[in-house]
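Chain residues, written in single-letter form:
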Amino acid sequence: MPAAALCAHLASDELRELAIPEECVLEAFHGPALALPRCRDCGRPALLELVDASPERASRLYSLAGLEPRDAELFLRNTRHGSCDLARRARELQALLACAGPRERLLAIDPATRQVLRAAARPAGLLLPTGPWRERRLGAREARAFDGGAPET
Ligand SMILES: [Zn+2]
C-alpha cells in the first residue's frame, strides 16, 4: 500500500489557511499540538504535529503529513465518545500515527491567528524531534533555514 500523501493544496508553498477546529485537536500544548485538520479545498485530512514549541519563537513550527480519510474517520469514530480508557486511546493514537504518510512539510503557524506564516518542504534528512511537547525543539540551524534566514532574536 503506498504511503498516504498530502493533497496538492496542503502540499503547496502557498498554503496560508489551515482550518484547525477544536474537535480535530487531539492533543494540546498552549494550542494545538496534534491535530487532524482538513483541506479547505478538497476535504482531505492531514496530520499536523508540533515540532518546535520554543517559547521565544513568535511562531510555532509543525510538521504536516498525509492521511487517508478512512484512517482519520476510524480514529475519530473510535475515540469520539470520550472513552475514559486511556490505554485504548493510546493504542488508537499509535495506530493513527503509523497510518500517516511521511512528514512531508513544515509549517510556521501564528499561535494567535492560526494563520500559516510559511510553508515549505521538509528539508531532506531533517530529523524531527519527538518526546514531550514542551521539550520539542528543532535544531537552531534547521529552524533558521526554515525561517528563511530571518535574523536571530
Ligand atoms: Zn486539498
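Calculation criteria
- Counting restarts for each chain, with residues numbered from 1 along the sequence as it is written.
- Totals for whole chains, interfaces and linings use every residue, but because this is a predicted model, local features are given only for residues with pLDDT of at least 70 and side-chain atom pairs only at 80 or more, for both listing and counting.
- Fitted lines through C-alpha atoms serve as axes, helices being fitted only where they are in contact, and the angles separating the N-to-C directions of these axes extend from 0 to 180 degrees.
- Here a strand is any run of E in DSSP of at least two residues, a helix any run of H or I of at least four, and the numbering for each starts at the N terminus.
- Oblique is the label for any angle not under 35 degrees, not over 145, and not in the 65 to 115 range, which are roughly parallel, roughly antiparallel and roughly perpendicular in turn.
- Note on contacts: each residue gets a C-beta atom placed from the backbone, and two residues are in contact if those atoms are within 7 Å.
- Under this grouping Gly is polar, as are all residues other than the nonpolar Ala, Val, Leu, Ile, Met, Phe, Trp, Tyr, Cys and Pro and the charged Asp, Glu, Lys and Arg.
- Note on burial: count the other C-beta atoms lying within 10 Å of the residue's C-beta; 20 or more is buried, 12 or fewer is exposed, in between is partly exposed, and C-beta positions come from the backbone.
- Any two strands between which DSSP finds at least two bridges are classified as paired.

## What about the packing of helix 1 (residues 69–79) against helix 2 (residues 86–99)?
The N-to-C vectors of helix 1 and helix 2 enclose an angle of 175°; their axes lie 10 Å apart at closest approach. It follows from the interaxial angle that helix 1 and helix 2 lie roughly antiparallel. The residues of helix 2 that touch helix 1, namely those facing Asp71, Phe75, Asn78 and Thr79, are Arg89, Glu92, Leu96 and Cys99. Within the contact of helix 1 with helix 2, the residues separate by chemical class into three nonpolar, two polar and three charged.

## Quick word on the environment of Val116
Note that Val116 resides in strand 6 (residues 116–121). Beyond its immediate chain neighbours, meaning those up to four positions away, Val116 contacts Leu15, Arg16, Glu17, Leu18, Leu107 and Ile109.

## Quick notes on the pairing of strand 5 (residues 103–109)
Within strand 5, five of the seven residues are buried, which leaves the element mostly enclosed by the surrounding structure. In this sheet, strand 6 lies alongside strand 5 in antiparallel orientation, the contact comprising five bridges. Directly across from Leu107, in strand 6, lies its bridge partner Ala119. The turn joining strand 5 and strand 6, which pair antiparallel and follow one another in sequence, is formed by six residues; a positive phi near 60° is taken by Arg114.

## Describing the sheet that holds strand 4 (residues 60–66)
In a beta sheet, neighbouring strands are held together by backbone hydrogen bonds and run either parallel or antiparallel to one another. Ordered by their spatial adjacency, six strands build an open sheet running 1-2-3-4-5-6, and the pairing between neighbours is antiparallel. The open sheet is flanked by strand 1 (25–28) and strand 6, the only strands paired with a single partner. Recorded for the sheet is a direction-independent mean angle of 30° between the axes of neighbouring strands. Across six bridges, strand 3 (residues 46–52) lies against strand 4 in antiparallel orientation.

## What to know about the pairing of strand 2 (residues 32–35)
Here three bridges tie strand 1 to strand 2, and the two strands are oriented antiparallel to one another. Residue pairing for strand 2: Ala28 is matched across the bridge by Pro32. Hairpin connection, strand 1 to strand 2: the antiparallel pair is bridged by three residues, and His30 has positive phi, about 50°. Strand direction decides the pairing type here: strand 2 and strand 3, joined by two bridges, are antiparallel. Directly across from Leu34, in strand 3, lies its bridge partner Glu49.

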